[in-house]
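These are the residues of each chain, in order.
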Amino acid sequence: KFPAVKVVGVVVVCYLAGILFGNLPFWKINPKISQTCVEMSVPLAIPLLLFGADFKGWLRYAKPAVLSFCLACLSVSIATIFSCWLFQGKVEKGWELGGLFVGVFIGGTPNMAAIKQAIGVSEERYLLANATDMLLGGMYLTMLMTFIKPILKPFLKPFEEYASELKPVESTVPMGLRAMAESVGMAVLVFGVSAGLSFLITGGINMALLM
């Protein structure tokens, strides 16, 4: 709804809002309550992201998409293994950073947040890793959108063969408060079922299993 938010990015806006509210002189935040909200928001956010996914569209282009995704997973895994070997003994708990970066490069920030909770990475370490990704990732995307594209054009085939099949799609996601409440309610239900399965299998909340 707001072009300025699209330019800056939702993640950056959330960080700025958190920094602002966290440093207000007249409002002291309870760290325990804040941490609980963070831990609850991730398993609620994942279903909300998936609710808007176009699975039929994915199936239509499944073969090239699956191949592309598998190659992305392979390249990220090779780069992570090499980096962990290169910096072993030099970076404390390098395996944690490896897990976080595998998550963000394959599935984006929500996936990184899910892995952070699953393997128990500290909040400070997660924020540093996320900030590093935003800084370097932003530089990389800027290069892709400017001078790298003409260099790679002779080697990478354009997305032409499916262009005739693509039709402009109007967003069918309603933006009203009722629709938002229904979506959040469904996400809470998904979270509750996941938590219940975790209790049945492990006798408690297992974050890796829950995610």
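In this numbering scheme, every chain counts its residues from 1 along its sequence in written order. With pLDDT at 70 or above as the cut-off, local features in this predicted model cover only qualifying residues; side-chain atom pairs require 80 or more to be listed or tallied, and sums for whole chains, interfaces and linings still use all residues. Each side-chain value is worked out from all heavy atoms of the structure, with water and hydrogens disregarded.

On to the overall build of the protein chain. Along its length, the protein chain carries nine helices and zero strands. Starting at the N terminus, helices and strands are each numbered in turn, a helix being any DSSP run of H or I of at least four residues and a strand any DSSP run of E of at least two. N-terminal to C-terminal, the α/β element order of the protein chain is α-α-α-α-α-α-α-α-α. Judged by the C-alpha coordinates and their principal axes, the protein chain covers about 55 × 50 × 45 Å. By the burial criterion, 16% of the 211 residues in the protein chain qualify as buried. Residue contacts are counted whenever heavy atoms from the two residues lie within 4.5 Å of one another. In the protein chain, the share of contacts with a sequence separation of at least 24, taken over all contacts with a separation of at least 6, comes to 63%. To be clear on the numbers: accessible area is Shrake-Rupley with a 1.4 Å probe, and residue cover counts the displayed protein chains and nothing else. Surface accessibility of the protein chain: about 16200 Å² in total, with carbon and sulfur atoms responsible for 72%. Charged side chains of the protein chain number 16 positive and 12 negative; the gap between the two group centres comes to 2 Å. Each residue gets one of three labels from its accessible area relative to the maximum for its type: buried under 20%, exposed over 50%, partly exposed in between, using a 1.4 Å probe on protein chains only. Charge counting treats Lys and Arg as positive and Asp and Glu as negative, with His and both chain ends excluded. In plain terms, the charge of a residue is placed at NZ if it is Lys, CZ if Arg, CG if Asp and CD if Glu.

For a helix, the expected span equals 1.5 Å multiplied by the number of residues minus one. With 21 residues, helix α3 (residues 31-51) should cover 30 Å at 1.5 Å per step; its first-to-last C-alpha distance of 31 Å lies within 8% of that length. Of all the residues in α3, the buried ones are Val42, Pro43 and Pro47. Packed against the buried residues of α3 are α6 (94-119), α8 (177-202) and α9 (207-210). With a side-chain oxygen positioned 2.9 Å from the backbone nitrogen of Lys32, the residue opening α3 is Asn30. What qualifies as a polar contact is a pair of N or O atoms within 3.5 Å, subject to a donor-acceptor requirement within protein and to the restriction that residues adjacent in sequence count only when both atoms come from side chains.

This brings us to the packing of aromatic side chains. Pairing of aromatic side chains here covers Phe, Tyr and the six-membered ring of Trp, requires ring centres within 6.5 Å, and sorts the geometry by plane angle: under 30 degrees stacked, over 60 edge-to-face, intermediate tilted. Tallied over the entire structure, the rule returns three aromatic pairs. Taken together, a centroid distance of 5.7 Å and an interplanar angle of 80° make the contact between Phe21 and Trp27 edge-to-face. Trp27 gets classed as partly exposed once you look at its relative accessible area, which sits at 44%. Ring centres of Phe82 and Trp85 lie 5.9 Å apart, and the angle between their planes is 40°; this geometry places the pair in the tilted category.

For this text, the term disulfide refers to a pair of cysteine sulfurs within 2.5 Å. All chains considered together, the criterion is met by zero disulfides. Free of any disulfide, Cys70 has its nearest neighbouring cysteine sulfur in Cys73, separated by 6.3 Å. The thiol of Cys84 is unpaired, and the distance to the nearest cysteine sulfur, on Cys73, comes to 16 Å. A relative accessible area of 31% places Cys84 in the partly exposed class.

As a further point, take the nonpolar core. Of all hydrophobic cores here, the largest spans nine residues; its members are Val42, Leu100, Val104, Met112, Ala113, Ala114, Val121, Tyr126 and Ala129. For this core, the leading source of residues is α6, giving five residues. Residue contacts for Tyr126: discarding those within four places in its chain leaves Tyr15, Leu100, Thr109, Met112, Ala113, Lys116 and Val121. Throughout, nonpolar core names a set of buried Ala, Val, Leu, Ile, Met, Phe, Trp, Tyr and Cys residues whose side chains join them through atoms within 4.5 Å.

Right, let's talk about the side chain of Asn130 for a bit. Here Asn130 lies in helix α7 (residues 123-152). For Asn130, a relative accessible area of 1% gives the class buried. Those residues in contact with Asn130 that lie beyond four places of it in its chain are Tyr15, Thr109 and Met112.

Taking 1.5 Å as the rise per residue, α7 with 30 residues should run 44 Å; its terminal C-alpha atoms sit only 38 Å apart, a clear shortfall. Fitting axes to the seven residues ending at a residue and to the seven starting there, one defines the bend at that residue as the angle between these axes. Maximum bend of α7: about 55°, positioned at Met145. Restricting attention to buried positions, one finds in α7 the residues Arg125, Tyr126, Ala129, Asn130 and Asp133. Along its buried surface, α7 packs onto α2 (10-22) and α6.

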